[in-house]
Amino acid sequence: MGNKLICMPKKGSRDIGSKSKRSGRLSQRKMAMEEELLHRQALSMAIQQHQLSQRFEGSMSRRIGSTSSRRRTMSDTFSNGKQDQDFMENIKTKKFVLIHGEGFGAWCWYKSISLLEEVGLFATALDLTGSGIDHTDPNSVSTLAEYSKPLIDYLRKLPEDEKVILVGHSCGGATVSYALESCPEKISKAVYLSATMVADGQRPFDVFTGELASAEIFMQESQYLKYGNGKDKSPTSLMLDKQQIKGLYFNQSPSKDVALAMVSIRPIPLGPIMEKLSLSQEKYGSVPRYYIQTLEDHTLSPDIQEKLVRDNPPQGVFKIKGSDHCPFFSKPQSLHKILLEIAQTP
């Protein structure tokens, strides 16, 4: 009898421990299921975008997604036809071309495209060579000219009297600068979004050297380098692991957008970001430039962004509080408002 009394609490304690373990397993299983659901949703979105993009010759354009929430100031702007007309008359260039950063593709702009089109503007996003759904192997893209070719081709096919507002994110800033030097007559304004706005003779990679050490050391030691031409040759691309990508790029972004990025990001061609830009005052310097800073950025720190602005002063500087490196995900409305303000600037 005594033994039974002693054994009963032990059995109860085992039950409590067992329940706790089961609860922990269930919690882990639930988290895994939720993460799997997010990835499935993201993959579905990526497939949908791929199907849409095929109708636009490899570029993600027109309406990729929609959002029902807009700042009241935006909806008030279009409360009647007169305000609508006045607003549009203040914008001479009504076409935006959106250029993604390293590893990204046109897919990352889906919120911005929708918001711009809701106010009557036209927006298109392009996949640079080896990015997004472009089938080129990123390891084969060795020059900035090759990487930027889809944008240059697009600009040169525009009607003679047509210009665009060009927006570049992150290392896409180098492509914007290259386009300013190549086709300044086709660009009314250039916007650098937490981007590598380098000066003449600089490499896009130089922007990151303060945090990554020198390019030479990085090229020797980085475990994320890919060698498309063999280990005995120079590295051809870079691919960070998922945890690093999340920490660097998406510390403020919604989980669904992060999941979309995880199934869409591709290796980063190294050649284009290691190339020195040749920029002239006559071409590159003839187009007004604007810089948008992101103040919670773990990829391109606010200090580095400030240095870029000091070393190569643009016509205007804007700041987005609470944004990580990807404001088109983390602060789409704030980014949208700034783009409209830049578009209305004389």
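Presented here is a report on the structure given in the accompanying data block. From a predicted model like this one, the values you see are computed outputs, not experimental measurements. (Residues numbered from 1 in each chain as written. Predicted model: local features only at pLDDT ≥ 70, side-chain atom pairs only at ≥ 80, totals over all residues. Heavy atoms only, no water.)

**Focus on the sheet that holds strand β7 (residues 237–238)**
The pairing of strands in a sheet happens through backbone hydrogen bonds and is either parallel or antiparallel. Across the sheet, three strands lie side by side as β6-β7-β8; this open sheet has antiparallel pairing. Unpaired on one side and paired on the other, β6 (225–226) and β8 (268–269) mark the two borders of the sheet. Both β6 and β7 contribute to a ladder of two bridges, which runs antiparallel. Looking at the pairing, K226 lines up with S237 of β7. (Pairing = 2+ DSSP bridges. Helix = DSSP H or I, 4+ residues; strand = E, 2+ residues; numbered from the N terminus.)

**A look at the pairing of strand β5 (residues 187–193)**
Here β5 lies mainly inside the structure; seven of its seven residues are buried. Here strand β4 (residues 164–169) pairs with β5 via six bridges, running parallel. Each bridged residue has a counterpart across the sheet, and for G168 the counterpart in β5 is Y192. In this region the chain leaves β4, passes through helix α6 (residues 172–182) and returns to the parallel neighbour β5; the handedness of that crossover is right-handed. (Buried < 20%, exposed > 50% of the residue type's maximum accessible area, 1.4 Å probe, protein only. Right-handed = clockwise from strand over helix to strand, strands pointing away.)

**What to know about the side chain of N312**
As for its placement among the helices and strands, N312 is situated in the loop between α12 (302–311) and β10 (316–320). Exposure remark for N312: the relative accessible area of 11% places this residue in the buried category. A distance of 3.2 Å separates the side chain of N312 from the backbone oxygen of V198, its partner in a polar contact. Apart from residues no more than four positions distant in its own chain, N312 is found in contact with M197, V198, A199, Y284 and R289. (Polar contact = N/O pair within 3.5 Å; in protein donor to acceptor, adjacent residues only side chain to side chain. Contact = heavy atoms within 4.5 Å.)

**Here we look at the packing of aromatic side chains**
Under the definition given, this model contains 10 aromatic pairs. Aromatic side chains Y249 and F250 sit 5.9 Å apart centroid to centroid with 40° between the ring planes, which places their arrangement in the tilted category. Taking relative accessible area as the criterion, Y249 reaches 6% and is therefore assigned buried. Of the residues examined, F250 reaches a relative accessible area of 5% and is grouped as buried. Note on F250 and F329: the rings are 6.2 Å apart at their centroids and 40° apart in plane angle, and the pair reads as tilted. (Phe/Tyr/Trp six-rings, centres within 6.5 Å; stacked < 30°, edge-to-face > 60°.)

**Re empty space enclosed by the protein**
Counted under the stated rule, the structure contains two cavities of 30 Å³ or more. Approximately 60 Å³ is the volume found for the largest cavity. If you trace the largest cavity, you find it lined by E102, G103, F104, M239, L240, I245, Y249, I265, R266 and I268. Of the residues in the lining of the largest cavity, the class split is seven nonpolar, one polar and two charged. Its volume calculated, the second largest cavity comes out at about 30 Å³. L144, Y147, C171, A174, T175, P272 and I273 together form the lining of the second largest cavity. For the lining of the second largest cavity, the per-class residue count stands at six nonpolar, one polar and no charged. (1 Å grid on protein atoms, 1.4 Å probe; cavity = no way out; pocket = protein on both sides within 12 Å on 5 of 7 lines; lining within 4 Å. Points joined across faces, edges and corners; volume = space filled by probe spheres on them. Nonpolar A, V, L, I, M, F, W, Y, C, P; charged D, E, K, R; others polar.)

**Some words on the packing of helix α4 (residues 110–118) against helix α14 (residues 332–344)**
Axis separation between α4 and α14 bottoms out at 10 Å; the angle between their running directions is 50°. Taken together, the axis directions place α4 and α14 in an arrangement best described as oblique. The crossing of α4 and α14 is right-handed. Facing α4, whose interface residues are K111, S112, L115 and L116, α14 presents P332, Q333, L335, H336 and L340. Classifying every residue of the contact of α4 with α14 by side-chain character gives five nonpolar, three polar and one charged. (Axes fitted to C-alpha atoms, helices over the stretch in contact; angles between N-to-C directions. Parallel < 35°, antiparallel > 145°, perpendicular 65-115°, else oblique. Left-handed = near helix turned anticlockwise from the far one by under 90°.)

**A few points about the nonpolar core**
Counting residues in each nonpolar core, the largest one holds 86 residues, and the members touching the most others are F96, W109, F250 and I292. If one sorts the elements of this core by residue count, α14 sits on top with six residues. When sequence neighbours within four positions are dropped, the list of residues in contact with W109 reads L98, I99, H100, A125, V167, H169, L193, F328 and L335. (Core = buried A, V, L, I, M, F, W, Y, C linked by side-chain atoms within 4.5 Å.)

**A closer look at the pattern of salt bridges**
The full count for this structure, using the stated rule, is seven salt bridges. A salt bridge links K319 to E306; its shortest N-O distance comes to 3.3 Å. Of this pair, K319 sits in strand β10 while E306 is found in helix α12, placing the two residues 13 residues apart along the sequence. For D311, the salt bridge identified is with K307, shortest N-O distance 2.6 Å. Of this pair, D311 and K307 are both found in helix α12, four residues apart, which corresponds to roughly one turn of the helix. For D311, a relative accessible area of 47% gives the class partly exposed. (Salt bridge = Lys/Arg side-chain N within 4 Å of Asp/Glu carboxyl O.)

**Some thoughts on the pairing of strand β2 (residues 95–99)**
In terms of residue burial, β2 counts as a mostly covered element, since five of its five residues are buried. Going residue by residue along β2, you find K95, V97 and I99 tucked away on one face and F96 and L98 tucked away on the opposite face as well. Pairing of β2 with strand β3 (residues 122–126), which is carried by five bridges, proceeds in the parallel orientation. Bridge pairing links L98 to A125 in β3. For the segment spanning β2, α4 and β3, crossover handedness is right-handed. Pairing of β2 with β4 involves four bridges; the strand directions are parallel. Paired with V97 across the bridge in β4 is L166.

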